[in-house]
Amino acid sequence: MRAFRIAFLLAVFATLLVLPRFVSSYKLLTYTTVLCLAIMAQGWNFIGGYTGYAAFGNVAYFGIGAYTTGLLMISKWHISFFPALAAGALLSACVATLLGVPILRLKGHYFAIATLGVAEAFREIAGAWDRVTEGATGIDLPLRSDSAFYYYTALGFVVFGVALTALLAKSKLGYGWVAIREDQDAAKMLGINTTMFKVAAYALSAVFASIAGSIIAYQNIHVAPNDFFKIEYTLQMIIACVIGGTGSVWGPLLGAAVYQLLSTFVWSHFIELHPTVLGGIIVFFVVFLPRGLMELLRRFAAVLKGGRFGSDVFLANIRASRLD
Amino acid sequence: MAETVTDSRFPVSGSGTPLFEARGITKRFGGLAAIDGVDLEIRRGEILGVIGPNGAGKTTFVNCITGLNRPTSGQILFHGEDITKKPSYAIGRMGIARTFQVVKPLKQLTVRDNVAIGAMFGARGRERAAGEARERAGQVLAMVGLEHRIEQTASELTVPDLKRLELAKALAMDPELLLLDEVMAGLNSTEVESAMELIRRINAGGVTILVIEHVMKAIMGISDRLAVLHYGRKIAEGKPSEIVESPRVIEAYLGERFAKRARAGSQLGRVTDEGIFLKTPIPEQEAWKPTLPLPGEPLLEIRDVSSGYGEVQILREVSLEVKQGEIVALIGANGAGKTTLLYTISQLARPRGGSIRFAGADLTRARPEEVVAAGIVHVPQGRRLFPGLTVEENLLQGVYLRRDRDAIEEDLEWVYGLLPRLKERSRQLAGRLSGGEQQMCAVGRGLMGRPKLLLIDELSLGLAPLVVDQLLEVISEINRKGTTVLLVEQDVQVALEHAHRGYVLETGRIVQAGLASDLLRDPRIRQAYLGL
């Protein structure tokens, strides 16, 4: 089973590695976008999945990453892409830490609303700060017509994200996050510095969103407030996480891929009803697979190993996520 | 655990230096002082019991010690160091661990991981790496008797197991001072015995313990000293044997009947001597205690009902009858299916066979709201109040199906008359009430529905003895006025003393039924449920 899993993952990875040779560079842009969605979802997974704080404003850091990268690259120092990306990530982490300390004190939907506000605030700043951001027009980045570059960069960060998530999930940090998600007072009494852990999760999620923002900005060679601070990005990263399975290592990646497949399929078959049908599918996932596809995979894997599917627990999980 | 346990240990702990000191702790919520200038010293190596009526501020006091509430004024010292303003996690790491009265399991994690987290961030700079912590969790779970559940998720555990898990999480931190907030509520006599034994063992291992408990037998049996809180003030402190003689404590907390029980407990070192309960004259209750079974028509008739959740079957062909005007007690060990039976009657769990008839109507396939409309009101275990609504709003939720406005006003006054504490707190959010007050509110909400049949699950859970007395009187009064009662109660003694008849449920089957007085005398029952 373990050998099979490793073989399967290697095959998938090899396919992803050679993919650019076989597809058009236009197609490759789409794939890069999916990988960036996976990066954002991986980041959201830390705060939303493991720590259980429904952050609805992570697009703020996506935008900060995009703007910082762009502005540094076109500045008089002509900083190259990777250092600019790193600077964006660092700035995002700092902003998330400063904002996280007060807003992570809020509970549940109050936190969600506060994060929505944060994202809106940054959009307004980017739109109004003409001298630096050129306002609503936005800024243009240097052109690099090498779509494989963006693709491999994104792929690299996805792999990094998976490795980091797997590592942290088994670390004290990961256990601490889950304890906070399950019961914050209990977590405190178990000796967990909840403020620090939450801020760490939030800052880490900001770093991932920021990296995705940098890559997309460079790929699109244009950054404008309304393209980069739009709530759709936040929703997509959350949906990808939910479809794949929150609080799991592979969930965000799987979810991003499935979300993209579904979206493409729906586009090509239900052009007029696209949002409705896609919305319906998402509702289906939330209602019947509240713990995502990873849960389903885990149960099938158990059956393959000769265990039971555990439909009682599966159904109990579904029921537990509903009011009635 | 002979008579000598308490007495021989007392001098030892008495000479201990203070490990912990609270000086003039006051905690106000708005205008209300939950704790009012409490001084308390815990000596190294002792077991200090804290008792007091529901709402006396016991849990708030523990919250203040552990930093979950900030005291409005006062000072808290641990090892002589001021910890008043330290954050909770730092206090935990210094070696103060606690359990929560309302259990706080990390639900989606396995039992092992729950405990491992305690070991991981554990106390006194002895944090462990994740792997070590999981090993340590195994040891602790074996100690509290949960090793057979180690790979289950916490959400699958029953209430007594969740209490054990609370204890295991705290123990995994290697605490120096352990604060136990009602870990024994909901355990039956036999389970209480083993919990007492466990606490003694932990204490013998060098852990100083503060224990809040309403189970008198336990608190009298294990405490070296007792402190009594009442309305946020400390009204007495001393040896258990002195405390039970204190008229103020009897008046404020114990009530006469329980004072006698408690005395028996502290003087003899154990309450298990045969005959102590029964020989003790209990005149107040004799006056109203029902003795004879009523002839009457069956009000509730359950025939061969099976039920369960998911793939798990819990009840197997249970038959039971409650006659008009009766109080029937349903007793049995934890996990026997008592709660499930009440759930099945209320249709919160669907019957899978058999029939349920109530007042001539067939309720076997009824919807939950139809059951309520028929006159069956269920006071569930664990209260299930609406925490964001006030006490009064919660009570008014009980009349959801009623349309008679004036009578509702009257009933509200009636309930306030029966449970005056609710009137004092009528504008407070139910979530802010103490555990015991919440239970009163739940019973009050049940009464507001003017039930023909009242189902009560664990009436005495977490209640001060005096309040249990009051509630039992309330129940006897409504029973005399014509309400029929089916009572599930962990305190088998109390249940059978107040019921006409009783049923014994074991692993989902009725194994015995009879007059309550006969059951109380039955040697098998005395051994299994009374620990006699």
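Note that the coordinates shown come from a computational prediction; the quantities given were computed from them, not determined experimentally.

Focus: the overall build of chain B
Part 1 of the reasoning: Check the secondary structure of chain B and you find 22 helices and 20 strands.
Part 2 of the reasoning: Per-residue burial over chain B gives 53% buried out of 532 residues.
Part 3 of the reasoning: Once local pairs closer than 6 in sequence are excluded, the contacts in chain B between residues at least 24 apart make up 71%.

Quick word on the overall build of chain A
Part 1 of the reasoning: On a plain count of helices and strands, chain A comes out with 16 helices and two strands.
Part 2 of the reasoning: With the principal axes as the frame, chain A shows a C-alpha extent of 60 × 50 × 40 Å.
Part 3 of the reasoning: For chain A, buried positions account for 47% of its 324 residues.
Part 4 of the reasoning: Residue pairs at least 24 apart in sequence account for 76% of intrachain contacts in chain A once pairs closer than 6 positions are excluded.

Observations concerning the environment of B:K452
All names here are of chain B.
Part 1 of the reasoning: Relative to the elements of secondary structure, K452 occurs in the loop between α18 (435-448) and β17 (453-457).
Part 2 of the reasoning: For K452, a count of 17 C-beta atoms within 10 Å puts it in the partly exposed group.
Part 3 of the reasoning: When the C-alpha positions of K452 and A129 are compared, they lie 58 Å apart, and in sequence the two are 323 residues distant.
Part 4 of the reasoning: Setting aside anything within four residues of it in sequence, one finds K452 in contact with L299, A359, G375, T483 and T484.

Observations regarding the interface of chain B and chain A
Part 1 of the reasoning: Across the boundary between the two partners, chain B contributes 25 residues, which contact 21 residues of chain A.
Part 2 of the reasoning: Residue assignment for the side of chain B that touches chain A shows that the elements contributing at least two residues are α3 (88-94), β6 (96-98) and α4 (111-120) of chain B.
Part 3 of the reasoning: Here the element with the most residues in the side of chain B that touches chain A is α3(B); it accounts for four residues.
Part 4 of the reasoning: When grouped by side-chain class, the residues that make up the side of chain B that touches chain A number twelve nonpolar, seven polar and six charged.

Notes on the pairing of strand β20 (residues 509-515) of chain B
Part 1 of the reasoning: Bridge count for strand β19 (residues 501-506) of chain B against β20(B) is six bridges, and the pairing is antiparallel. Across the sheet, the residue bridging to B:L505 is B:I510, located in β20(B).

A word on helix α12 (residues 231-244) of chain A
The periodicity of an α-helix, 3.6 residues per turn, causes residues three or four places apart in sequence to face the same way.
All names here are of chain A.
Part 1 of the reasoning: Its 14 residues give α12 an end-to-end C-alpha distance of 20 Å, which sits within 8% of 20 Å, the value for a rise of 1.5 Å per residue.
Part 2 of the reasoning: Burial runs high along α12: eleven of the 14 residues are buried.
Part 3 of the reasoning: Within α12 the residues assigned to the buried category are Y233, T234, Q236, M237, I238, I239, A240, C241, V242, I243 and G244.
Part 4 of the reasoning: In the core, the buried residues of α12 are packed alongside α2 (25-50), α3 (59-73), α5 (108-128), α13 (251-269), α14 (274-288) and α15 (292-304).
Part 5 of the reasoning: Immediately downstream of α12, the backbone of G245 shows phi near 130 degrees, a positive value.

Points about the packing of α13(A) against α14(A)
Residues and elements named next belong to chain A.
Part 1 of the reasoning: Packing of α13 against α14 brings their axes to within 9 Å, and their N-to-C directions diverge by 145 degrees. Considering how the two elements wind past one another, α13 and α14 form a crossing that is right-handed. Contacts from L262, S263, V266 and W267 of α13 reach α14 at H274, V277, L278 and I281.

Thoughts on the packing of α2(A) against helix α7 (residues 147-169) of chain A
Helix-helix packing is characterised by the crossing angle of the two axes and by the distance between the axes.
All names here are of chain A.
Part 1 of the reasoning: Remark: α2 packs on α7, axes separated minimally by 9 Å, with the N-to-C direction vectors making an angle of 25 degrees. Classified by the interaxial angle, the pair formed by α2 and α7 is roughly parallel. Here α2 runs over α7; the crossing is left-handed. Every residue of α7 that contacts α2 at S25, L28, L29, Y31, T32, L35, C36, A38, I39, Q42 and N45 is listed here: S147, A148, Y150, Y151, A154, L155, F157, V158, G161 and T165.
Part 2 of the reasoning: Here the residues of the contact of α2 with α7 are counted per class, giving 14 nonpolar, seven polar and no charged.

A short note on the environment of B:L459
Residue and element names in this part refer to chain B.
Part 1 of the reasoning: By the secondary structure assignment, L459 is in the loop between β17 and α19 (465-480).
Part 2 of the reasoning: Of the residues examined, L459 has 26 C-beta atoms within 10 Å and is grouped as buried.
Part 3 of the reasoning: The sequence separation of L459 and K58 amounts to 401 residues, and the corresponding C-alpha distance is 20 Å.
Part 4 of the reasoning: Among all residues touching L459, those that are not within four sequence positions of it are L471, L487 and E489.

Comments concerning unusual backbone geometry
Part 1 of the reasoning: Unlike most non-glycine residues, A:I221 shows phi in positive territory, near 45 degrees.
Part 2 of the reasoning: Note that A:I221 resides in the loop between α10 (194-220) and β2 (222-223).
Part 3 of the reasoning: A tally of 14 C-beta atoms within 10 Å means that A:I221 is categorised as partly exposed.
Part 4 of the reasoning: For B:E317, which is not a glycine, the phi torsion comes out positive at approximately 45 degrees.
Part 5 of the reasoning: Along the chain, B:E317 turns up in strand β12 (residues 312-323).
Part 6 of the reasoning: Taking the C-beta count within 10 Å as the criterion, B:E317 has 13 such neighbours and is therefore assigned partly exposed.

With respect to the nonpolar core
Part 1 of the reasoning: Judged by nonpolar contacts, the single largest core of 261 residues is most densely connected at A:I39, A:M40 and B:L487.
Part 2 of the reasoning: If you tally residues by element for this core, the top one is α10(A), at 17 residues.
Part 3 of the reasoning: Apart from the residues within four sequence positions on either side, A:I39 is in contact with A:A154, A:F157, A:V158, A:G161, A:F208, A:I211 and A:A212.

Thoughts on the sheet that holds strand β4 (residues 73-78) of chain B
One key point about sheets: their strands pair by backbone hydrogen bonds, in either a parallel or an antiparallel sense.
All names here are of chain B.
Part 1 of the reasoning: Pairing within the open sheet is antiparallel, and its four strands lie in the order β2-β1-β4-β5. The sheet is open, and its two edges are formed by β2 (32-43) and β5 (81-82), each paired on a single side.
Part 2 of the reasoning: Of the strands in this sheet, β1 (18-29), β2 and β4 touch helix α2 (residues 58-65), which is tilted by about 65 degrees from β2.

Looking at the sheet that holds strand β16 (residues 376-379) of chain B
Residues and elements named next belong to chain B.
Part 1 of the reasoning: Judged by pairing direction, the sheet is mixed, and its six strands sit side by side in the order β16-β17-β18-β13-β19-β20 without closing on themselves. Looking at which strands have only one partner, the edges of the open sheet turn out to be β16 and β20. The average undirected angle you get between the axes of adjacent strands in this sheet is 15 degrees.
Part 2 of the reasoning: Note: β17 against strand β18 (residues 484-488), five bridges, orientation parallel. Residue pairing across strands places L453 opposite T484, the latter belonging to β18.
Part 3 of the reasoning: Packed onto the sheet, helix α13 (residues 338-345) meets β13 (327-331), β16, β17, β18 and β19 and runs at close to 145 degrees relative to β17.

Comments concerning the environment of B:M216
Part 1 of the reasoning: Note on placement: B:M216 falls in helix α8 (residues 216-222).
Part 2 of the reasoning: Sequence-wise, B:M216 and B:A464 are 248 residues apart; in three dimensions their C-alpha atoms are separated by 9.1 Å.

Concerning the confidence of the model for chain B
As a general rule, the predicted coordinates of low-pLDDT regions are not to be interpreted in detail.
Residue and element names in this part refer to chain B.
Part 1 of the reasoning: Scored by pLDDT, chain B has a mean of 82; 87% of the residues are at 70 or more.
Part 2 of the reasoning: Every residue in residues 1-15 scores below 50 in pLDDT, and together they form 18 contacts with partners more than four places removed in sequence or on other chains.
Part 3 of the reasoning: Confidence drops under pLDDT 50 across residues 266-291; counting only partners more than four residues distant or on other chains, this segment forms 41 contacts.
Part 4 of the reasoning: Complex prediction metrics read pTM 0.76 and ipTM 0.82.

Cut-off values and rules
- Residues numbered from 1 in each chain as written.
- Chains lettered and ligands numbered in written order.
- Predicted model: local features only at pLDDT ≥ 70, side-chain atom pairs only at ≥ 80, totals over all residues.
- Helix = DSSP H or I, 4+ residues; strand = E, 2+ residues; numbered from the N terminus.
- Buried ≥ 20, exposed ≤ 12 C-beta atoms within 10 Å, placed from the backbone.
- Contact = placed C-beta atoms within 7 Å.
- Nonpolar A, V, L, I, M, F, W, Y, C, P; charged D, E, K, R; others polar.
- Pairing = 2+ DSSP bridges.
- Expected span 1.5 Å × (residues − 1).
- Axes fitted to C-alpha atoms, helices over the stretch in contact; angles between N-to-C directions.
- Left-handed = near helix turned anticlockwise from the far one by under 90°.
- Parallel < 35°, antiparallel > 145°, perpendicular 65-115°, else oblique.
- Core = buried A, V, L, I, M, F, W, Y, C linked by C-beta atoms within 7 Å.
- pLDDT = per-residue confidence, 0-100.

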